[in-house]
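Listed here are the chains, written in short residue letters.
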Amino acid sequence: MTMDAAKPPDQPASHAAACLGAAARIVIKLGSALVSNADGKPDHARLAELAGDLALLRMADGSRRDIILVSSGAVALGKSTLGLTGTLRLDQKQAAAAVGQSLLVQAWQQAFAAHDLTIAQILLTLEDTEDRRRYLNATATLETLLSLPVVPLVNENDTIATAEIRYGDNDRLAAHTAQMTRADLLILLSDIDGLYDRDPRAIPAANHIPYVDHITDDHQRAAGTANTKSGVGSGGMATKLHAAQIATRAGISVIVADGNRDHALMDLQRGTARATLFAPTVKASTARRQWIAGRQSAAGSIKVDAGAVRAIENGSSLLAAGITGVAAYTRDKPFRRGDLVDILSPEQSKIALGLCTFDHGTLQRIKGCQTGQIMDILGETHTGVVVHRNDLVLAGP
């Protein structure tokens, strides 16, 4: 495939607009240069404009969309406040982040207050997406926030993250956030309007690439030289391309667009802004099931009744009420919340596998229980879902 195999050819910007219009859950990432002024202070005018656009986008077409914001800028804001200059050591970056995080949240909260929306800060490290239990906790928190008049504001926990447990940049963090929340679309707002075949700052005749259906080595080489003059932040086009690979392999569309233009999000929605749309390489459901099926062997099994078998085969989640037995495959090693388990029919045949939302001991206590009974046993409200349908893969023939 050649780099200029951009399709569809007619009015490329309208295809990004169509993708945006169809998305029900969107993760939007903004770089440091879009959040702070040259003096390292919050750009309140820009933030107010972006908050207004995000509020409109959230309620576009009369139906509420889920919006998750990944915002850089904490280190830049903290660096200015602390009077630090030049290239910072890791400990200085962490100190700057500790100061800048509160300033960043305060600036965004001020911007969204005019739209009766509350900001909720979520600080993540790489372990929060790699460790299954922490992943489930983070996902549950985000899902709850999205059900409220809240815009989750996600950032890396720079104050404690070491080199070994860092995402490294907020483009990758945004891609993992989109994957974690099963978003339909990831928008990376930058200081450039998408991917080019060469660095457009050095080569004015460089060709803009409006549509990418598969990222090639040519794209990688072009991204390696793009956006090299950015004076703020740790990203660049290369990290955006890496983020696009993570997201599109999870079935998520990605748009890279210029966030410096006035009302950039509204222009994207109208189809009047040039951007690059990266198409997902698989369906989201397929990617999810491939990931589950490709995990290591199951840690235990759940035996279900005939009614649960029929429900699972018809695409429903597994509820506690349908469970008749629970077992761990390794003696003295109960399975944990988030572990992979086999789901067995009354005849002990494997009908599915999936990720369990309860640990072994808790599941033993609530097996066969109706949702109302679970509250009495655990002392907390729960839907009774033991394996969600999105985390279930039917066994092969």
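Residues numbered from 1 in each chain as written. Predicted model: local features only at pLDDT ≥ 70, side-chain atom pairs only at ≥ 80, totals over all residues. Heavy atoms only, no water.

K.L.:
Give me the lowdown on the overall build of the protein, citing residues and values where you can.
P.N.:
Helix and strand counts for the protein stand at 15 helices and 17 strands. Of all 397 residues assigned to the protein, the portion counted as buried reaches 51%. Taking the intrachain contacts of the protein between residues at least 6 apart in sequence as the baseline, contacts between residues at least 24 apart amount to 72%. Within the structure as shown, the protein displays about 17900 Å² of accessible surface, and the carbon and sulfur contribution to it stands at 50%. (Helix = DSSP H or I, 4+ residues; strand = E, 2+ residues; numbered from the N terminus. Buried < 20%, exposed > 50% of the residue type's maximum accessible area, 1.4 Å probe, protein only. Contact = heavy atoms within 4.5 Å. Areas by Shrake-Rupley, 256 points an atom, 1.4 Å probe, with all protein chains shown as cover.)

K.L.:
Break down the packing of helix H3 (residues 44-58) against helix H5 (residues 90-113) for me, citing the residues and quoting the values.
P.N.:
Relative orientation of the contacting elements H3 and H5 amounts to 50°, with a least axis distance of 8 Å. Relative to H5, H3 is oriented oblique. Every pair of crossing elements has a handedness; the one defined by H3 and H5 is right-handed. Contacts from His 44, Leu 47, Ala 48, Leu 50, Ala 51 and Leu 54 in H3 reach Ala 107, Trp 108, Gln 110, Ala 111 and Phe 112 in H5. (Axes fitted to C-alpha atoms, helices over the stretch in contact; angles between N-to-C directions. Parallel < 35°, antiparallel > 145°, perpendicular 65-115°, else oblique. Left-handed = near helix turned anticlockwise from the far one by under 90°.)

K.L.:
Give me the lowdown on the pattern of salt bridges, citing residues and values where you can.
P.N.:
This structure, assessed with the given rule, holds 14 salt bridges. Note that Asp 193 is salt-bridged to Arg 274, the shortest N-O span being 3.3 Å. Residue Asp 193 is found in the loop between strand E5 (185-190) and strand E6 (195-196), and its partner Arg 274 is found in the loop between helix H11 (264-270) and strand E10 (275-278); the two are separated by 81 residues along the sequence. In this structure Arg 274 comes out as partly exposed when scored by relative accessible area, which is 45%. Through salt bridges with shared partners, a single network forms among Arg 25, Arg 64, Asp 66 and Glu 143. (Salt bridge = Lys/Arg side-chain N within 4 Å of Asp/Glu carboxyl O.)

K.L.:
Help me get a handle on the side chain of Ser 71, residues and values and all.
P.N.:
Looking at the secondary structure, you find Ser 71 in strand E2 (residues 66-71). Given a relative accessible area of 0%, Ser 71 falls into the buried group. One polar contact links Ser 71 to Trp 108, side chain to side chain, over a distance of 2.9 Å. Apart from the residues lying within four places of it in its own chain, the contact partners of Ser 71 are Leu 30, Val 35, Leu 104, Trp 108, Leu 153, Val 154, Asn 155 and Asn 170. (Polar contact = N/O pair within 3.5 Å; in protein donor to acceptor, adjacent residues only side chain to side chain.)

K.L.:
Pulling in residues and values, what's your account of unusual backbone geometry?
P.N.:
Here Asp 116, not a glycine, exhibits a phi torsion of approximately 55°, which is positive. Structurally, the position occupied by Asp 116 is in the loop between H5 and strand E3 (118-124). Positive phi, close to 75°, is recorded for Gln 348, a residue that is not glycine. Looking at where Gln 348 falls in the secondary structure, it is placed in the loop between strand E14 (340-344) and strand E15 (350-355).

K.L.:
Describe the nonpolar core, and please don't skip the residues or the numbers.
P.N.:
Core analysis: the biggest nonpolar cluster contains 42 residues, and Ile 28, Trp 108 and Ile 187 have the highest contact counts within it. Every residue in contact with Ile 187, bar those within four places of it in the chain, is listed here: Leu 20, Ile 26, Val 27, Ile 28, Lys 29, Ile 255, Leu 265 and Leu 268. Counting residues in each nonpolar core, the second largest holds 41 residues, with Val 154, Leu 241, Ala 247 and Val 256 among its members. (Core = buried A, V, L, I, M, F, W, Y, C linked by side-chain atoms within 4.5 Å.)

K.L.:
With reference to specific residues and values, describe the sheet that holds E2.
P.N.:
The strand order across the open sheet built from eight strands is E3-E4-E2-E1-E5-E9-E10-E8, with neighbouring strands paired in mixed fashion. Looking at which strands have only one partner, the edges of the open sheet turn out to be E3 and strand E8 (211-212). Sitting on the sheet, helix H10 (residues 237-249) touches strand E1 (25-30), E5, strand E9 (253-258) and E10, and the angle it makes with E9 is about 155°. (Pairing = 2+ DSSP bridges.)

K.L.:
Please provide a residue-by-residue account of the side chain of Arg 25, values included.
P.N.:
Structurally, Arg 25 can be placed in strand E1. Residue classification places Arg 25 among the buried positions, given a relative accessible area of 12%. Residues contacting Arg 25, with those up to four places away along its chain left out, are Asp 66, Glu 143, Leu 146, Thr 181, Arg 182, Ala 183, Asp 184 and Leu 185.

K.L.:
Any details on the environment of Ser 147? Residues and values, ideally.
P.N.:
You can see Ser 147 is positioned in the loop between helix H7 (132-146) and strand E4 (150-156). The class for Ser 147 is exposed, based on a relative accessible area of 51%. Remark: the alpha-carbon pair of Ser 147 and Asp 66, spanning 81 residues in sequence, is separated by 8.4 Å.

K.L.:
A description of the confidence of the model for the protein should follow, citing residues and the corresponding values.
P.N.:
Looking at the protein, the pLDDT average stands at 85 and 88% of residues meet or exceed 70. With pLDDT under 50 throughout, residues 1-11 is counted as low confidence; its partners more than four residues away or in other chains account for 18 contacts. A low-confidence stretch, residues 226-234 (pLDDT under 50), is modelled with 18 contacts involving residues beyond four sequence positions or located in other chains. (pLDDT = per-residue confidence, 0-100.)

K.L.:
Describe the environment of Phe 278, and please don't skip the residues or the numbers.
P.N.:
Structurally, Phe 278 can be placed in strand E10. A relative accessible area of 2% means that Phe 278 is categorised as buried. With 33 residues separating them in the primary sequence, Phe 278 and Gln 245 have C-alpha atoms 8.8 Å apart. For Phe 278, the contacting residues outside a window of four places in its chain are Leu 195, Val 212, Ile 215, Leu 241, Ala 244, Thr 248, Ser 253, Val 254 and Val 256.

K.L.:
Give a detailed account of the environment of Val 75, specifying residues and quantitative values.
P.N.:
With respect to the helices, strands and loops of the structure, Val 75 is situated in helix H4 (residues 74-82). Once the C-alpha coordinates of Val 75 and Gln 94 are considered, the two residues, 19 residues apart in sequence, prove to be 7.7 Å apart.

K.L.:
Report on H4, specifying residues and quantitative values.
P.N.:
Among the residues of H4, those classed as buried are Ala 74, Ala 76, Leu 77 and Gly 78. Packing partners of the buried residues in H4 comprise H5 and E4.

K.L.:
Residues and numbers for the packing of helix H8 (residues 170-180) against H10, please.
P.N.:
Taken N-terminus to C-terminus, the directions of H8 and H10 make an angle of 15°; their axes are 8 Å apart at the nearest point. Between H8 and H10, the angle is such that the two are roughly parallel. You can see that H8 and H10 cross each other, and the crossing is right-handed. Contact with H8, carried on its side by Asp 171, Arg 172, Ala 175, His 176 and Gln 179, involves Thr 239, Lys 240, His 242, Ala 243, Ile 246 and Ala 247 of H10 and no other residues of that element. Looking at side-chain class alone, the contact of H8 with H10 contains four nonpolar, four polar and three charged residues. (Nonpolar A, V, L, I, M, F, W, Y, C, P; charged D, E, K, R; others polar.)

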